[in-house]
Amino acid sequence: AAKIIARILGLDTTDVVNPEFKDVPTNHPHYGDIAALKEAGIISGDGTGNYLPEKFLTRGEMAKIIANAFKLEVPAESPTPFTDVEGNFEQYITALYVNGVTKGVGNDKFNPSSKVTREQLAAFVVRAEEIVAGEVVDKAGSVKSIDGDTIVVNGEVLLLTEKLKAVFNEKNAAALKDAKVELVVRYADA
């Protein structure tokens, strides 16, 4: 998980400050990734001076890492919709929910203490990255022009994700000029 997040964020994993985790020596294969995440304030360890690099990552821990890594915030007065979420990870899980990164596992559950799979981690990272990169859907105003990988909304040039290029492209540019568009993205449960 540390390697995936550090690489996606483009963090420097070689010139790092030692995070001083007792269980992560400088020769650990993911030392640079773990140190970079600690230095960026994304992870903090277990509170006893350890990182526990061989422990399975839980969905709650993953929520904290993703929320911190992508700076996902919880708007005021946003209660969690999940009945199995309390305590340490509630604000992070709620941040993922209100930002569209997760809908849970069904039946108003998130399962914060279950092990996260590689597929779930990848899905959460991709969704968080799209939300951060996909600011075009949150911009108020109208479409002024579309050119290749970019769209201009109210004088601001925005980069389009691959999914958005299916709608916002040069073939549709004439029809979309000055249009006000609302986009709702739906994801499978995870």
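Calculation notes
- Residues numbered from 1 in each chain as written.
- Predicted model: local features only at pLDDT ≥ 70, side-chain atom pairs only at ≥ 80, totals over all residues.
- Heavy atoms only, no water.
- Helix = DSSP H or I, 4+ residues; strand = E, 2+ residues; numbered from the N terminus.
- Buried < 20%, exposed > 50% of the residue type's maximum accessible area, 1.4 Å probe, protein only.
- Contact = heavy atoms within 4.5 Å.
- Areas by Shrake-Rupley, 256 points an atom, 1.4 Å probe, with all protein chains shown as cover.
- Phe/Tyr/Trp six-rings, centres within 6.5 Å; stacked < 30°, edge-to-face > 60°.
- 1 Å grid on protein atoms, 1.4 Å probe; cavity = no way out; pocket = protein on both sides within 12 Å on 5 of 7 lines; lining within 4 Å.
- Points joined across faces, edges and corners; volume = space filled by probe spheres on them.
- Nonpolar A, V, L, I, M, F, W, Y, C, P; charged D, E, K, R; others polar.
- Core = buried A, V, L, I, M, F, W, Y, C linked by side-chain atoms within 4.5 Å.
- Polar contact = N/O pair within 3.5 Å; in protein donor to acceptor, adjacent residues only side chain to side chain.

Before going further, it helps to examine the overall build of the chain. For the chain, the helix and strand inventory stands at 7 helices and 3 strands. Starting at the N terminus and walking to the C terminus, you meet the elements of the chain as α-α-α-α-α-β-β-β-α-α. Counting only residues that meet the buried cut, the chain has 36% of its 190 residues in that class. Of the contacts formed within the chain by residues at least 6 apart in sequence, a portion of 59% connects residues at least 24 apart. Surface accessibility of the chain: about 11,200 Å² in total, with carbon and sulfur atoms responsible for 50%.

The subject of this paragraph is the packing of aromatic side chains. One pass over the structure, following the stated rule, counts 4 aromatic pairs. Ring geometry for F21 versus Y51: centroids 5.5 Å apart, planes at 35 degrees, classification tilted. Residue F21 is found in the loop between α1 (2–9) and α2 (31–39), and its partner Y51 is found in the loop between α2 and α3 (59–69); the two are separated by 30 residues along the sequence. Residue F21 shares its accessibility class with Y51, and that shared class is buried. When the centroid spacing of 6.5 Å and the interplanar angle of 80 degrees are considered together, the rings of F110 and F124 count as edge-to-face. Of the two residues, F110 sits in the loop between α4 (90–98) and α5 (118–133) while F124 sits in helix α5, which places them 14 residues apart along the sequence.

What follows covers α4. The periodicity of an α-helix, 3.6 residues per turn, causes residues three or four places apart in sequence to face the same way. What α4 keeps buried is the set Y92, I93, T94, A95 and L96. Of the residues flanking the end of α4, it is G100, one or two places downstream, whose phi is positive at about 80 degrees.

With that settled, consider the layout of surface pockets. Reported here for the largest pocket is a volume of approximately 930 Å³. Of the residues that constitute the lining of the largest pocket, the class distribution is 16 nonpolar, 6 polar and 7 charged.

Membership of the largest hydrophobic core comes to 36 residues, with the highest contact counts inside it found for I43, I66, L72 and L96. Secondary structure elements with two or more residues in this core: α1, α2, α3, α4 and α5. Take this core: its biggest share by element is 6 residues, from α3. Grouped together as the second largest cluster of nonpolar side chains are 6 residues, I151, L160, L164 and L176 included.

We now examine the side chain of T102. As for its placement among the helices and strands, T102 is situated in the loop between α4 and α5. In this structure the side chain of T102 is engaged in a polar contact, spanning 3.0 Å, whose partner is the backbone nitrogen of G104.

Of note, H30 is situated in the loop between α1 and α2. A relative accessible area of 32% places H30 in the partly exposed class. C-alpha of H30 to C-alpha of T13: the two residues are 17 residues apart in sequence and 9.0 Å apart in space.

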